[in-house]
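Summary of the model geometry
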Amino acid sequence: MKRSILLKGGVGTVVAVLALAGCSSSKPAADSSTSSSSSSSTADTSASSAMTSDSAMSGSGMSSAMSGSEMSSSAMSGSEMSGSSMSGSEMSGSAMSGANGGAPTKASKNYKVTFIQGVAGDNFYITMQCGIQDEAKKLGVTVNTQGPAKFDPTLQKPILDSVVASKPDAILIAPTNVTAMQAPLAKAAASGIKIVLVDTTVNDPSFAVSEVSSDNVGGGKAAFDAVKQLQPKGGKVLVISTDPGVSTVDARVKGFDEAAKGDSTFTDLGVQYSHNVPATAAQIVTAALQKDPDIVGIFATNLFSAEGAATGIKQAGKVGKVSIVGFDAGPDQVKALKDGTVQALVAQQPGIIGVDGLQQAVAGLDGGTVTKKIQTGFTVLTKDNVDSSGAAYKASC
Ligand code: T6T
């Protein structure tokens, strides 16, 4: 079995940027496989292309590949940290010729595709929807978007069931739980519908044409590096996540925890779960600060946790004293960053995840080359680079 490395988002084996201000990471994807429409799960892979950081990032101000240790925040001076930033589009695989060489430019017919969000009304999934819709026009396919009112498998599964009953050609879905969505999705794939997992995944994604998601472990580590730059003397840190069993946020917690535990100047107080409800995240913050008034940093692993953490820190009267680093960059998070409630945000590339996901679905339907796993990058935003980054999410298309 041959194996290929297809570098997605253009930055080579080493990545990115853990600098507090303005650096980005675009981690490569791997596992490219060619499938025909009759056997989308083929594991046969073939050597493909590899791009170095240099070629992918030319002109971005970050011209050389750096190893993880070279990239550590402590190795960079303030000025080095504030300079370079790549916008989402610069990191986009689809924007770079060669990075996504097998991507289709036109579908062979007007396929019917449904995008099932993790939750409706979330700026992350709205931005993903915008990317999907734009790409659908280019490819000549029809996309319909649906999402549950809460990030909850008991609400998402009935939506999936009704979508499957409508017999689309392909489904792009962000599964809301690694276990609960496993069997329904495997069943949908077995019925002949091409399934592409976007953002989140399930325990055994082997039925899927492709999985497209951010480098979530890397993003969690970048969040810790941001806290460390803001609080160089160390101290107590807390993580607020949504629910266990959500692949993305679990991976961010892992990345953060591993980095925090590897730094003896920090005490990791562990993770508390907000169930994706901002008010609960706010309560967690106020209660935690009452118990441990010397907390120096809080990592909120997604948009709603970050929104709640920002409220909690205001209620506790600790704005600017406790550093908040959040994942995601919706309009409210960007506002909190600009007004100083939150100090850094790890912005994903939801539009690109959507574009890549739809391309994979069409490639799977048309018997083209599919990439089993695509990893997209992130940008660490601060007040200084947020406006120039182009990484903020959309509230509507
Ligand atoms: O952080 C994103 C997404 O990546 C995660 O899987 C769930 O939460 C968000 O949608 C933000 O609310």
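Here's a quick rundown of the structure.

The rules behind each value
Within each chain, residues carry numbers counting from 1 in the order of the written sequence. For a predicted model such as this one, the threshold for reporting local features is a pLDDT of at least 70, and the threshold for listing and counting side-chain atom pairs is 80 or more; totals across whole chains, interfaces and linings nevertheless cover every residue. Going along the chain from the N terminus, every DSSP run of H or I of four or more residues is numbered as a helix, and every run of E of two or more is numbered as a strand. To sort residues by exposure, count the other C-beta atoms lying within 10 Å of each residue's C-beta; 20 or more gives buried, 12 or fewer gives exposed, and values between give partly exposed, all with C-beta atoms placed from the backbone. Contact between two residues is assigned when their C-beta atoms, built from the backbone, lie within 7 Å. For our purposes the nonpolar core covers buried Ala, Val, Leu, Ile, Met, Phe, Trp, Tyr and Cys residues that link as a set through C-beta atoms within 7 Å. Each domain span listed reflects an automatic or database assignment of domains. The C-beta atom of each residue is placed using the backbone, and any residue whose C-beta lies within 6 Å of a molecule or strand is treated as near it. Three classes are used: nonpolar for Ala, Val, Leu, Ile, Met, Phe, Trp, Tyr, Cys and Pro, charged for Asp, Glu, Lys and Arg, and polar for all others, with Gly counted as polar. For two strands to pair, DSSP has to find at least two bridges joining them. Orient the strands so they point away from the viewer, and a crossover whose first-strand-to-second-strand path over the helix runs clockwise is right-handed. Along the arc lie the directions from the helix axis toward the C-beta atoms. Fitting a line to C-alpha atoms yields each axis, with helices limited to the stretch in contact; the angle taken between N-to-C directions then spans 0 to 180 degrees. Throughout this description, any angle smaller than 35 degrees is read as roughly parallel, any larger than 145 degrees as roughly antiparallel, any in the 65 to 115 degree range as roughly perpendicular, and the remainder as oblique. Definitions for this section: a left-handed crossing has its near helix turned counterclockwise from the far helix by less than a right angle. A right-handed crossing has that turn clockwise. For a helix, the expected span equals 1.5 Å multiplied by the residue count minus one.

**Some points on the overall build of the protein chain**
Looking only at helices and strands, the protein chain features 13 helices and 14 strands. Residues classed as buried in the protein chain amount to 57% of the 397 residues present. Within the protein chain, contacts between residues at least 6 apart in sequence are counted, and of these 76% link residues at least 24 apart.

**Topic: the environment of glycine 297**
Along the chain, glycine 297 turns up in strand β10 (residues 295-300). Exposure remark for glycine 297: the 25 C-beta atoms within 10 Å place this residue in the buried category. Residues glycine 297 and glutamine 231, spaced 66 residues apart in sequence, show a C-alpha to C-alpha distance of 7.5 Å. Residues in contact with glycine 297, not counting those within four places in the same chain, are Val227, Leu230, Gln231, Val237, Val322, Ser323 and Val325.

**Notes on the nonpolar core**
Counting residues in hydrophobic clusters, the biggest one holds 101 residues, and the most contacted among them are Leu172, Ile173, Ile195, Val196, Ala223, Ile298 and Ala309. If you tally residues by element for this core, the top one is helix α12 (residues 350-365), at eight residues. Taken domain by domain, the makeup of this core includes at least three residues from each of domain 1 (23-214 + 350-376) and domain 2 (216-347). Beyond its immediate stretch of four places on either side in the chain, isoleucine 173 contacts Ile116, Leu160, Leu185, Ile195, Leu197 and Val198.

**Looking at the site of the ligand**
Close to the ligand lie 15 residues; Asp122, Phe124, Thr248, Asn302 and Leu303 are nearest. Only α4 (123-139), α8 (247-261) and α10 (303-315) provide two or more residues apiece to the shell around the ligand. Residues that form the shell around the ligand fall into these classes: seven nonpolar, five polar and three charged. Mapping the shell around the ligand onto the domain boundaries places at least three of its residues in each of domain 1 (23-214 + 350-376) and domain 2 (216-347).

**Examining the pairing of strand β3 (residues 112-116)**
Along β3, four of the five residues are buried, which leaves the element largely enclosed by surrounding structure. Note: β3 against strand β4 (residues 142-146), five bridges, orientation parallel. Its bridge partner lying in β4, isoleucine 116 is registered against glutamine 146. Assessed by its sense of winding, the connection that carries the chain from β3 through α4 to β4 is right-handed. Strand direction decides the pairing type here: β3 and strand β5 (residues 170-173), joined by four bridges, are parallel. Counterpart to valine 113 in the pairing with β5 is alanine 170.

**Some details on helix α6 (residues 182-190)**
Taken together, the buried positions of α6 are Leu185, Ala188 and Ala189. Buried residues of α6 fall within an arc of 100 degrees about the axis and therefore sit on the same side. Of the exposed residues in α6, those oriented more than 90 degrees away from the buried face are Ala183 and Ala190. Where α6 is buried, its residues contact α5 (153-165), β5 and β6 (194-198).

**As for the packing of helix α9 (residues 278-291) against α10**
Packed helices, taken two at a time, are described by their axes: the angle between them and the distance between them. Put simply, α9 and α10 touch, their axes get as near as 7 Å, and they point 45 degrees apart. As far as their axial angle goes, α10 and α9 are oblique. The handedness of the crossing between α9 and α10 is right-handed. Taken together, the residues of α10 that come into contact with α9 (itself represented by Pro278, Ala279, Thr280, Ala281, Ala282, Gln283, Ile284, Val285 and Thr286) are Phe304, Ser305, Glu307, Gly308, Ala309, Thr311, Gly312, Ile313 and Gln315. Among the residues forming the contact of α9 with α10, the class breakdown is nine nonpolar, eight polar and one charged.

**A few points about the environment of leucine 269**
For leucine 269, the position within the fold is in strand β9 (residues 266-273). A tally of 16 C-beta atoms within 10 Å means that leucine 269 is categorised as partly exposed. C-alpha separation for the pair leucine 269 and lysine 236, spaced 33 residues apart in sequence, amounts to 6.6 Å.

**Some words on α12**
Between the first and last C-alpha of α12 there are 23 Å, a value that for 16 residues agrees with the 22 Å anticipated at 1.5 Å per step. Across the 16 residues of α12, 16 count as buried, placing the element largely inside the fold. One or two steps after α12, the chain reaches glycine 367, where phi turns positive at roughly 70 degrees.

**With respect to the packing of helix α7 (residues 216-230) against α8**
Packing of α7 against α8 brings their axes to within 7 Å, and their N-to-C directions diverge by 45 degrees. Here α7 is positioned oblique relative to α8, judged by the angle of their axes. Considering the relative orientation of α7 and α8, their crossing is right-handed. Of the residues in α8, those in contact with Asn216, Val217, Gly218, Gly219, Gly220, Lys221, Ala223, Phe224 and Asp225 of α7 are Thr248, Ala251, Arg252, Val253, Lys254, Gly255, Phe256, Ala259 and Ala260. Tallied by class, the residues present in the contact of α7 with α8 amount to eight nonpolar, six polar and four charged.

**Re the environment of glutamine 146**
You can see glutamine 146 is positioned in strand β4. Considered as a pair, glutamine 146 and glutamine 156 are 10 residues apart in the sequence and their alpha carbons are 9.4 Å apart. Each residue touching glutamine 146, except ones within four places of it in the same chain, is listed here: Thr114, Ile116, Ile159 and Val163.

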